[in-house]
Amino acid sequence: MIPTLIVLTLLALGVGIVAFATRRPATRENIVIDQDTAWNYPVTPANAVPVEADPFANAPAPTPPVTVEPAPADAIPAERPS
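This is a predicted model, so every value here is computed, not measured.

Draft legend 1. How the structure looks around the overall build of the protein. Looking only at helices and strands, the protein features one helix and zero strands. Here the protein holds 82 residues, and 0% of them are scored as buried. Summed over its atoms, the accessible surface of the protein is roughly 9100 Å², and 66% of this surface lies on carbon and sulfur atoms.

Draft legend 2. Looking closely at helix H1 (residues 2-21). Taking 1.5 Å of rise per residue, the 20 residues of H1 would be expected to cover 28 Å, and the 29 Å separating its terminal C-alpha atoms lies within 8% of that figure. Across the 20 residues of H1, zero count as buried, placing the element largely on the outside.

Conventions we followed
- What you see as residue numbers is a count from 1 along each chain, following the sequence as written.
- pLDDT decides what is reported in this predicted model: residues at 70 or higher carry local features, side-chain atom pairs at 80 or more are listed and counted, and totals for whole chains, interfaces and linings draw on all residues regardless.
- Side-chain measures here rest on the full set of heavy atoms in the structure, leaving out hydrogens and waters.
- Comment: elements are numbered from the N terminus, with helices defined as DSSP H or I runs of at least four residues and strands as E runs of at least two.
- Exposure categories follow from relative accessible area, calculated using a 1.4 Å probe and restricted to protein chains: below 20% of the type maximum is buried, above 50% is exposed, and the middle band is partly exposed.
- Values of accessible area rely on a 1.4 Å probe in the Shrake-Rupley scheme; residue burial ignores everything except the protein chains shown.
- Given a helix with a known number of residues, its expected span is that number minus one, times 1.5 Å.

Set out below in structure tokens:
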């Protein structure tokens, strides 16, 4: 009998907590809407350094690398000392 009363008491307590937490939704007067959300502001840090022009923009293009022809397939590879 006592375990049944304990279970019923805990069940009633749980129902009371849920009813208290959900009894009234917030009204329009209680909701504060912040209009200044900055959703479209540019994303830059406050201490950002201004961007300077690229000093290498007018530099000549790099020379292409030197390519070496591969050795012919019938050449004997040099022996390496072991």
